[in-house]
Amino acid sequence: MTESEFLQLSDAIFDQIEAAIDDHDLDADTLRQGNVLEIEFDSGEKVIVNRHASNQEMWIAAKSGGYHFSRQGEAWIASRDGSEFFSTLADAIRAGSGEDFSFDL
């Protein structure tokens, strides 16, 4: 995948995350700055999603830990434990918000 294709794909992922948070009406604010999408909950807890263009990876930083995901077929899979990006992110959002949350893929 070219860098341009990665940036387009990761922009779409950021859009999907923001839309899902809005659709679930969570008490959370999102802030997108460059390669970083910050999700802050009313509790003050944050989840950070970062795209790393040089490695073509998506990263999640949450209270539960840090995760690096690379594209494998149509999915983003963690190098550390084989978990899937949206599943891991949904877990982090549920933990941060204290509310039920999932991505409708």
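Residues numbered from 1 in each chain as written. Predicted model: local features only at pLDDT ≥ 70, side-chain atom pairs only at ≥ 80, totals over all residues. Heavy atoms only, no water.

1. Details of the nonpolar core
- Formed by 29 residues in total, the largest nonpolar core has its most connected members in Ile17, Met58, Phe85, Leu89, Ile93 and Phe103.
- Those elements that place two or more of their residues in this core are α1 (3-23), β2 (36-41), β3 (46-52), β4 (57-62), β5 (65-72), β6 (75-78) and α2 (85-97).
- Those residues in contact with Phe103 that lie beyond four places of it in its chain are Gln16, Ile17, Ala20, Phe86, Leu89, Ala90 and Ile93. (Core = buried A, V, L, I, M, F, W, Y, C linked by side-chain atoms within 4.5 Å. Buried < 20%, exposed > 50% of the residue type's maximum accessible area, 1.4 Å probe, protein only. Helix = DSSP H or I, 4+ residues; strand = E, 2+ residues; numbered from the N terminus. Contact = heavy atoms within 4.5 Å.)

2. Side note on the packing of α1 against α2
- Direction vectors running N to C along α1 and α2 enclose 40°, while the axes themselves pass 13 Å from each other. Taken as a pair, α1 and α2 cross one another with a handedness that is right-handed. Two secondary-structure elements touch here, α1 through Ile13, Gln16, Ile17 and Ile21 and α2 through Phe85, Phe86, Leu89 and Ile93.
- Taken together, the residues that form the contact of α1 with α2 break down as seven nonpolar, one polar and no charged. (Axes fitted to C-alpha atoms, helices over the stretch in contact; angles between N-to-C directions. Left-handed = near helix turned anticlockwise from the far one by under 90°. Nonpolar A, V, L, I, M, F, W, Y, C, P; charged D, E, K, R; others polar.)

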